[in-house]
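Residue strings, one per chain:
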Amino acid sequence: MSSALEAATRKSEVALTKAKDVAADAPAAMQKARENPQAATQDFLHTPFMRAALPFANGGLAGMAATTVIQPIDMIKVRLQLAGEGVKTGPKPTPVSVARDIIAAGRVMDLYTGLSAGLLRQAVYTTARLGFFDTFMKSLSARAEAKGNKIGFSERATAGLTAGGLAAMIGNPADLALIRMQSDGLKPPAQRANYRGVGDALTRIAKNEGVARLWAGATPTVVRAMALNFGQLAFFSEAKSRLKDTSMGPRTQTLAASAIAGFFASFFSLPFDFVKTRLQKQSKGLDGRYPYKGMVDCFATVIREEGALRFYRGFSTYYVRIAPHAMITLIVADYLNFLTK
């Protein structure tokens, strides 16, 4: 017992000594920061904690900036995917007609419905997605260099798929809230939830439908994210690598690589994005059942009742949403990484 007390006493004395040393060094550190704030900032940015945290912080800020710009296009994309549900024939809405209907029914700012949920989703999803991807790429690059090799497309694809899947699972509640807020205006006025914001949406969904419901559509969300990241991050990294030896300038290379990545991200992920939207929007009918039992049932039902091409309805809108979002996100992230390198 006495030996344990002595050990504890020694540890407390060591901790106290370290605390005193830090306190004694504090005035000198503050004086140094006042004299050369730029050097102090660089020292702080190069601490082990900040080097690990910066890819996540930069990714989240970049995603939030992109979402603020792209939100109206995302709103139109969701409405296009939900239009004509369960009907194979009939009038086909266009991005212009959907935007016109939204504006006619309310105000121009209605196109920004769900922005708070979109920003939360980016703060969680893109922070994790780009942070994980950057961390995985550094680890894979170090491993390849140790073997005398260069990192290849398969490693980039693996990093993109893994980062996307992990981030999507973490961000699913915010994604669900976004879809609920954007689709609420399609319901009759008496049936609308009229969510006040993302916090209100998450709280009411959890209270009325159960906490587990916040992960509704998680399977297609994860698969969509993996497909999107495979197309976006892997092809962006690959395209940038191949464009490096061309006559293009650095900014042009980034823009071209982003456009290429946006196309492949859209092509691979749109069917899963479509199913994700349908599953997250659905609510119980009069018989107490949901329209779709899960991802596979949703795919089968849409093919049977609406046709397989319905999955690619609004591809141009989706690309216009994905490509600029990818461009803004990756360009801002690149710039932030440059500032904090």
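Structural data are supplied above this passage.
Remember, predicted model here, so these are calculated numbers, not experimental data.

Visitor: Is there a simple way to explain the overall build of the protein chain in this structure?
Guide: In terms of helices and strands, the protein chain carries 11 helices and zero strands. Relative to its full complement of 341 residues, the protein chain shows a buried share of 42%. As presented, the protein chain carries roughly 18,000 Å² of accessible surface, and 64% of it is formed by carbon and sulfur atoms.

Visitor: When you look at the packing of aromatic side chains in this model, what are you seeing that I'm missing?
Guide: What describes a pair of aromatic rings is the distance from one ring centre to the other and the angle between the planes of the rings. Under the definition given, this model contains 13 aromatic pairs. Taken together, a centroid distance of 5.9 Å and an interplanar angle of 80° make the contact between Phe272 and Phe299 edge-to-face. Here Phe272 is found in helix 9 (residues 250–281), whereas its partner Phe299 is found in helix 10 (residues 295–305), with 27 residues between them in sequence. Connected via pairs of aromatic rings, a cluster forms that spans Phe235, Phe263, Phe264, Phe267, Phe268, Tyr312, Phe315 and Tyr319. Positioned above the aromatic ring of Tyr290 is the side chain of Arg213, whose terminal nitrogen or guanidinium carbon lies 4.2 Å from the ring centre.

Visitor: Looking at this model, I keep getting lost on the packing of helix 6 (residues 153–183) against helix 8 (residues 218–243). Mind explaining?
Guide: A packed helix pair is summarised by two numbers, namely the angle formed by the two axes and the spacing between the axes. At a minimum axis distance of 7 Å, the contact between helix 6 and helix 8 shows a crossing angle of 140°. It follows from the interaxial angle that helix 6 and helix 8 lie oblique. The two elements helix 6 and helix 8 cross, and the hand of that crossing is right-handed. Contact with helix 6, carried on its side by Phe153, Arg156, Ala157, Gly160, Leu161, Gly164, Gly165, Ala168, Met169, Asn172 and Asp175, involves Ala218, Thr221, Val222, Ala225, Met226, Asn229, Phe230, Ala234, Phe235, Ser237, Glu238 and Ser241 of helix 8 and no other residues of that element. Considering only residue class, the contact of helix 6 with helix 8 consists of 12 nonpolar, eight polar and three charged.

Visitor: Teacher, can you tell me more about the nonpolar core here?
Guide: Generally speaking, nonpolar side chains in soluble globular proteins are found buried as a group. Residues Phe133, Met137, Ala159, Leu233, Phe236, Ala257 and Leu330 are the most contacted members of the largest nonpolar core, which totals 17 residues. Where this core is concerned, the elements lending two or more residues are helix 5 (115–146), helix 6, helix 8, helix 9 and helix 11 (315–339). For Phe133, the contacting residues outside a window of four places in its chain are Arg156, Ala159, Gly160, Ala163 and Leu233. Residues Ala117, Ala177, Ala193 and Leu214 belong to the second largest nonpolar core, which totals 12 residues.

Visitor: Would you explain the side chain of Glu306 in this entry?
Guide: Checked against the element boundaries, Glu306 lands in the loop between helix 10 and helix 11. Among the polar contacts made by the side chain of Glu306, one reaches the side chain of Arg310 at a distance of 2.7 Å.

Visitor: Quick question: what am I supposed to make of unusual backbone geometry here?
Guide: In most cases, non-glycine residues show a negative phi, while peptide bonds are predominantly trans. Residues other than glycine seldom take positive phi values, yet Asn194 does so here, at roughly 50°. Secondary-structure assignment places Asn194 in the loop between helix 6 and helix 7 (198–209).

Visitor: I tried to follow the pattern of salt bridges on my own but got confused; where do I start?
Guide: If the charged atoms of two oppositely charged side chains come close together, the side chains can form a pair. As enumerated under the stated definition, the model contains 15 salt bridges in all. Across the pair Lys276 and Asp175 runs a salt bridge, and its minimum N-O distance is 3.1 Å. In this pair, Lys276 sits in helix 9 while Asp175 sits in helix 6, placing the two residues 101 residues apart along the sequence.

Visitor: What am I meant to see in the environment of Gln71 here?
Guide: When you line up the elements, Gln71 lands in helix 3 (residues 48–82). For the pair Gln71 and Leu115, spaced 44 residues apart in sequence, the C-alpha to C-alpha distance is 6.7 Å.

Visitor: Before we go on, may I ask you to explain a nonpolar patch on the surface in this structure?
Guide: Taken together, Met169, Val211 and Trp215 make up a surface patch of nonpolar side chains, about 280 Å² in accessible area. On the secondary structure map, Val211 appears in the loop between helix 7 and helix 8. Residue Val211 is classed as exposed on the basis of its relative accessible area of 53%.

Visitor: Even after reading the chapter, I still don't get the environment of Leu111, so can you show me in this structure?
Guide: Relative to the helices and strands, Leu111 is located in the loop between helix 4 (95–105) and helix 5. Each C-alpha atom, one on Leu111 and one on Ile73, is 8.0 Å from the other, the two residues being 38 residues apart in sequence. Those residues in contact with Leu111 that sit more than four places away from it in its chain are Gln71, Pro72, Met75, Ile76, Ile102 and Ile103.

Visitor: What am I meant to see in the packing of helix 6 against helix 7 here?
Guide: The geometry of helix 6 relative to helix 7 is characterised by a closest axis approach of 9 Å and an angle of 100° between their N-to-C directions. On the basis of the axis angle, helix 6 is roughly perpendicular to helix 7. Across the interface between the two elements, Pro173, Ala174, Leu176, Ala177, Arg180 and Met181 of helix 6 pack against Val198, Ala201, Leu202, Ile205 and Glu209 of helix 7. Tallied by class, residues from the contact of helix 6 with helix 7 come to nine nonpolar, no polar and two charged.

Procedures and definitions
- Residues numbered from 1 in each chain as written.
- Predicted model: local features only at pLDDT ≥ 70, side-chain atom pairs only at ≥ 80, totals over all residues.
- Heavy atoms only, no water.
- Helix = DSSP H or I, 4+ residues; strand = E, 2+ residues; numbered from the N terminus.
- Buried < 20%, exposed > 50% of the residue type's maximum accessible area, 1.4 Å probe, protein only.
- Areas by Shrake-Rupley, 256 points an atom, 1.4 Å probe, with all protein chains shown as cover.
- Phe/Tyr/Trp six-rings, centres within 6.5 Å; stacked < 30°, edge-to-face > 60°.
- Lys NZ or Arg CZ within 6 Å of the ring centre and 35° of its normal.
- Axes fitted to C-alpha atoms, helices over the stretch in contact; angles between N-to-C directions.
- Parallel < 35°, antiparallel > 145°, perpendicular 65-115°, else oblique.
- Left-handed = near helix turned anticlockwise from the far one by under 90°.
- Contact = heavy atoms within 4.5 Å.
- Nonpolar A, V, L, I, M, F, W, Y, C, P; charged D, E, K, R; others polar.
- Core = buried A, V, L, I, M, F, W, Y, C linked by side-chain atoms within 4.5 Å.
- Polar contact = N/O pair within 3.5 Å; in protein donor to acceptor, adjacent residues only side chain to side chain.
- Salt bridge = Lys/Arg side-chain N within 4 Å of Asp/Glu carboxyl O.
- Patch = residues over 30% accessible without salt bridge, like charges linked within 9 Å, V, L, I, M, F, W, Y side chains within 5 Å.

Worth remembering: the numbers are spatial, not functional.
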